[in-house]
Every structure is written in structure tokens, then in C-alpha cells.
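Chain residues, written in single-letter form:
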Amino acid sequence: MPDEHFAEKSVGVWTLVLTDVHFWVPATVLLAGLAVLHWIR
Amino acid sequence: MEPFAPNTIMLPSTIESVRLRKLQLVGVLCGFGAGAWLGAAEAPTKLVKLGVSPLVVSLLMVVGVFLARWSLPALIRGTGQMRADIRQAPHLIVWGILAGCLWAVANTLTIFAIRDIGLSIAFPLWNINSLLGIFWGYLLFNELRDAGKLRWLTVLGGALLMFTGATLLAIASSAQSPAEHPMRGILAALGAGVLWGTMYVPYRKAYLTGMNPLSFIAFFTIGELGMMLTLALIYGGGPDALFHQLELAKPVLFWLMLGGFVWVIGDLFQQYAAKYIGISRGIPLSNTNQLWGLLWGILVFGELRGLSPSLYAQVIGGSLLMAAGAGAIALSSVTGKEHARWKQAADREGQRYKVDANYVQAAFSGRAPINDASNPSSQRSPQSSRSWLDYLLVIAATTIFITLALLARAPSMALNWPALIELTAAMLIFLLACAVALWRVTRFN
């Protein structure tokens, strides 16, 4: 079924992204930036 | 970081040195082109004198960016090519959206930074993004590894010269700004610098894996518009208040969105610079935008008129320092050894995300993917894959811009038209030179 393949692929891609250390560098910086923005506004 | 085994390299170890040199020259030219266009992007916003919230100004520029970012790639390559890129590297959609979110938060922080500490202190603080870009480039993507002391000296020294020059220019251009809430403003400016410097991590990630800048920016803009809209709704007082502000801004919508359109062209060149000379060299070159912004301010809008000789000396000194720094970085070419380290990083990405090695290698050398990997010189001409959807996107964006131009109110301020025409001509020369160079060397691949 194409939908099942799509779901499997999506999960696979997300797993690769979320287990990539490189992803957590900009993600953490983004969260910190949002916190700063919330605090200073 | 992922461990990398040198004996598992899939990509050919070198691309021809002549081609490498050509790609670097294209990257340097794009870096300077990016500076010219990014610097000019602020010019239309100077025409806006209505009491519109800075968040709404930023949001409307992003809407212009969104329109340009979906219509320009459709015009140049067609959305079919974008779909082909996604099939090869679907994970880069996430990276593109993440980069867009980082840009939107950084841009919003700069608005608060300027409000609280003035441009003179804020600008140099967020310009640390180029130093951070060099750090991330070295740490995560093997940039400047095995580059030799001389290249380290020229890149780092050039970035520091530019930083000093930017500080002088910023102080001179807005020394009179009052500093309110200094700690809050400094935090906002530093935050913007860190966010922008880190935004180049997704850029480099995408280009090492082979994504075309024209595809990447399309996803970037989804994150950018989504995040900016969310921020405008949350911090602007909700949908009703936002709608009211948009009504107020109707006569200036065109100028703001024009600013966004100009920004996209600059950013596109910045992306090509990041792709071909890396973020450690590409970001400092793009940061020459401050020089161009100053030229627009002084020559076209008559800013800094009647200031003291010492301030003019600061402007000239700061400009010379920035130019010297940019020159040093532009001359610091990537050696074969360093390029081999880039390839290792590209191979690591390709293996992790299971991207076709042929696709990565082709994109790495600015060529269309070929079926016969044993014959890398057989560059395939890109096939036109424009569909009705592409033409629809271009027509819709053009119609929106024309409609807004008809609604726009002509600015009621004195402009130096000869200087405006000369600067516009200089930008168009950069546009033409970069486009011709990209077409000749890479066919926009």
C-alpha cells in the first residue's frame, strides 16, 4: 500500500533527523531564542 | 557527532582542480552579490513612515519573501526539479523549515534590540554570526581543516577586520540613538547573532547532501512565514489587532513586499556562496551588506548629512576595514586538502541519510546528476520541467505585486534619484554577473 510506504518512510526520516546530533544544535538554539524573545518583549 | 570511517568514502576523492577553482570563483562572486542585494533590501522599508508595528513590518516583508521564493524557483527550474530533490533527500524539508524558524526569531529579536540599545550597538553584536558560522563550519562540516595556517589567518583575520569595520560603521551611522533597557537589548542582539550564525548549520547540511538552493529556500520560507505569523499573532495582540495593523499598512504593502523580494535575490546568492565556498567564507562575504546599506542611506536618503569630521572618518575607516576583510576572505581559496575534508563530511551525510552518491557528487561539483558515474565529465543539460503549476505560481505572484503597486502610495520624501539609479545599476550588474557565472559553470545545478 502506498500510504503505508509513505508512513514508514516518514517515520524513518524523522528517526534519522531526531537522532542526528547536528539537528539538536539549531533546535536547541531556536528554543533558547524563543525563550529570550518571550522574556524581553 | 557521528563517527566517520575514512575507508568508507563513496565519493570520488577529487573533482578537477580547474572546476574546483571555477566553483570557488562563482561562490565568491555570489557572496559579494548577496551583500549588494541584502544591503539594498532595507531601502524600500525606509519609505515606510506610518505607525505600523515593527512585527507587522517584518511579517509583510516575509510575505514578499514567500511570494518571491515560490515564484523565482518555479521560473528558473520548475517545481518538478524541486520534487526530484525531495525524493533524493526528504530529510532536508525538516532542515529547511528549521532554518526558516531560526531566521524569523532572529529577525524579530533585532527589532527589539534596535528599539532598546540602538543600531550602533546592536548591529556589531548580531554580526558575530560570521564568527559563529566559522566555528560551526569547522566543528560540524570539516571546513578549514587541513587548510594551513595562512588560510586560517586570512579567514579569521578577515572576519575580525569586518567585525571591527562593522562596529565603526554602526557607531557612526546611529551614534545618536538612545540606549534604553541596555541589558535586554544586548541579550536580544546577541541572541539574533547566535540564531543567524546557527541558521547556517541547516544551510551547509543541505548543500553537502546535494540539495539545490532553489529547492531549499522554498522549504525555508514555510518555516519563516509560519513562525513569523505565529509571533505576530502572539505578540501583536491576536488576529483582530493584526488585521487592524494590516489595514493601516495597506498603502505601504508594496514597498515592504518589494523589500522582501529584493532580500530573496540576495539570500539566493548567499545560499550559492554557502554551497560553493562554505559557510566560513560565505557568511562574512554576505555581511558586506552593511556597506551597501550604508551607501543607500548616505547617497539616496541623505542620512549622516552635517555630521562631524570624526564621524565621517569612522565611516570611511569602517568601510575600508570591511572591504579589506572581505578581500582577505575572498582570496583565501579552498585547497585540495581542505576540499577532501569537505568530501568526507558530504560522504558522512550521504551515508547517514542514504542519499544516492551520484546525486551528492553531482551536486557537490555543481552538475546535474548523471546515470553514468564513471564519466563525470558528461554533464547533462537540465531538462525544462516547467508545468502549468509553475506558470500559475509566477502569474499569481506577479499579479499580487502589480495589484499592490497600484494601491501603493508614492513616498513623500526627498530622494537622490541619480544615486538611486546608479546603485540600482550596480545591483543589476551583480545580478547579471552572478546569474551568468552560475549558468555557465553550474546551469543552476
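A quick note: this is a predicted structure, and the numbers were derived from the prediction, not measured.

Draft legend 1. Region of interest: the overall build of chain A. On a plain count of helices and strands, chain A comes out with two helices and zero strands. Judged by the C-alpha coordinates and their principal axes, chain A covers about 50 × 20 × 5 Å. Split into buried and exposed, the 41 residues of chain A put 20% on the buried side.

Draft legend 2. Molecular detail of the overall build of chain B. Of regular secondary structure, chain B possesses 19 helices and zero strands. Considering chain B as a whole, with its 445 residues, one finds that 53% of them fall into the buried category. Once local pairs closer than 6 in sequence are excluded, the contacts in chain B between residues at least 24 apart make up 91%.

Draft legend 3. Region of the structure containing the interface of chain A and chain B. Tallying the contact residues gives 17 residues for chain A and 26 residues for chain B. Sorting the residues of the side of chain A that touches chain B by element identifies α1 (2–18) and α2 (21–40) of chain A as the ones contributing at least two each. For the side of chain A that touches chain B, the leading source of residues is α2(A), giving twelve residues.

Draft legend 4. How the structure looks around the nonpolar core. Ranked by internal contacts, the top residues of the largest apolar core, which has 146 residues, are B:Trp37, B:Leu102, B:Val105, B:Leu109, B:Ala113 and B:Leu195. Ranked by residue count, the leading element in this core is helix α12 (residues 253–277) of chain B, at 18 residues. Residues contacting B:Leu195, with those up to four places away along its chain left out, are A:Val29, A:Gly33, B:Leu102, B:Val105, B:Ala106 and B:Leu109.

Draft legend 5. Molecular detail of the packing of helix α3 (residues 54–76) of chain B against helix α5 (residues 92–117) of chain B. All names here are of chain B. Where α3 meets α5, the closest approach of the two axes is 10 Å, and the angle between their N-to-C directions is 145°. Once α3 is placed against α5, the crossing between them reads as right-handed. Only Ala104, Asn107, Thr108 and Ile111 of α5 make contact with α3, whose side of the interface consists of Pro54, Leu55, Ser58 and Val62. Considered class by class, the residues forming the contact of α3 with α5 number five nonpolar, three polar and no charged.

Draft legend 6. Layout of the environment of B:Thr335. All names here are of chain B. Mapped onto the elements of the fold, Thr335 is located in the loop between α15 (309–331) and α16 (336–352). Among the residues examined, Thr335 registers 15 C-beta atoms within 10 Å and is labelled partly exposed. Sequence separation between Thr335 and Lys275 is 60 residues, and the spatial gap between their C-alpha atoms is 16 Å. Once residues within four sequence positions are removed from consideration, Thr335 is found in contact with Ala147 and Gly148.

Draft legend 7. Looking closely at α15(B). Relative to the 33 Å expected for 23 residues at 1.5 Å per residue, α15(B) spans 33 Å between its end C-alpha atoms, a close match to the ideal helical length. When α15(B) is considered as a whole, its buried residues turn out to be B:Gln314, B:Gly318, B:Leu321, B:Met322, B:Gly325, B:Ala326, B:Ala328, B:Ile329 and B:Ala330.

Draft legend 8. Geometry of helix α13 (residues 279–286) of chain B. For α13(B), the buried fraction is high: eight of the eight residues fall into the buried class. Among all positions of α13(B), only B:Ile279, B:Ser280, B:Arg281, B:Gly282, B:Ile283, B:Pro284, B:Leu285 and B:Ser286 are buried.

Draft legend 9. Structural context of unusual backbone geometry. Residue and element names in this part refer to chain B. Positive phi outside glycine occurs at Asn142, with the angle close to 65°. Looking at the secondary structure, you find Asn142 in the loop between α7 (129–141) and α8 (149–173). Owing to 23 C-beta atoms within 10 Å, Asn142 belongs among the buried residues under this scheme. The phi torsion at Asp146 lies on the positive side, around 55°, for a residue other than glycine. Structurally, the position occupied by Asp146 is in the loop between α7 and α8.

Draft legend 10. Highlighting the packing of α3(B) against helix α18 (residues 388–407) of chain B. Residue and element names in this part refer to chain B. Between α3 and α18, whose axes approach to 8 Å, the crossing angle comes to 140°. When the interaxial angle is binned, α3 and α18 end up oblique. Considering the relative orientation of α3 and α18, their crossing is left-handed. Across the interface between the two elements, Leu67, Trp70, Ser71, Ala74 and Leu75 from α3 touch Asp390, Leu393, Val394, Ala397 and Ile400 from α18.

Draft legend 11. How the structure looks around the environment of B:Glu42. Residues and elements named next belong to chain B. For Glu42, the position within the fold is in the loop between α1 (17–40) and α2 (43–46). Separated by 221 residues in the primary sequence, Glu42 and Trp263 have C-alpha atoms spaced 8.2 Å apart. Dropping the residues within four chain positions of it, Glu42 is found in contact with Gly259 and Gly293.

Draft legend 12. Expanded view of the confidence of the model for chain B. All names here are of chain B. On average, chain B scores 80 in pLDDT, and the residues at 70 or more come to 86%. Within chain B, helix α6 (residues 119–126) has the poorest average pLDDT of any element, 71, and helix α19 (residues 417–442) the best, 92. Overall, residues 1–13 carries pLDDT values under 50, and its contacts beyond four positions in sequence, including any with other chains, amount to 23 contacts. Note on residues 372–382: pLDDT is under 50 here. Beyond four places in sequence and across chains, it has twelve contacts. Here the prediction assigns the complex a pTM of 0.79, and the interface score ipTM is 0.90.

Draft legend 13. Structural view of the environment of B:Val441. Within the secondary structure, B:Val441 is located in helix α19. Residues B:Val441 and B:Leu248, 193 residues apart in the sequence, show an inter-C-alpha distance of 46 Å.

Calculation criteria
- Residues numbered from 1 in each chain as written.
- Chains lettered and ligands numbered in written order.
- Predicted model: local features only at pLDDT ≥ 70, side-chain atom pairs only at ≥ 80, totals over all residues.
- Helix = DSSP H or I, 4+ residues; strand = E, 2+ residues; numbered from the N terminus.
- Buried ≥ 20, exposed ≤ 12 C-beta atoms within 10 Å, placed from the backbone.
- Contact = placed C-beta atoms within 7 Å.
- Core = buried A, V, L, I, M, F, W, Y, C linked by C-beta atoms within 7 Å.
- Axes fitted to C-alpha atoms, helices over the stretch in contact; angles between N-to-C directions.
- Left-handed = near helix turned anticlockwise from the far one by under 90°.
- Nonpolar A, V, L, I, M, F, W, Y, C, P; charged D, E, K, R; others polar.
- Expected span 1.5 Å × (residues − 1).
- Parallel < 35°, antiparallel > 145°, perpendicular 65-115°, else oblique.
- pLDDT = per-residue confidence, 0-100.

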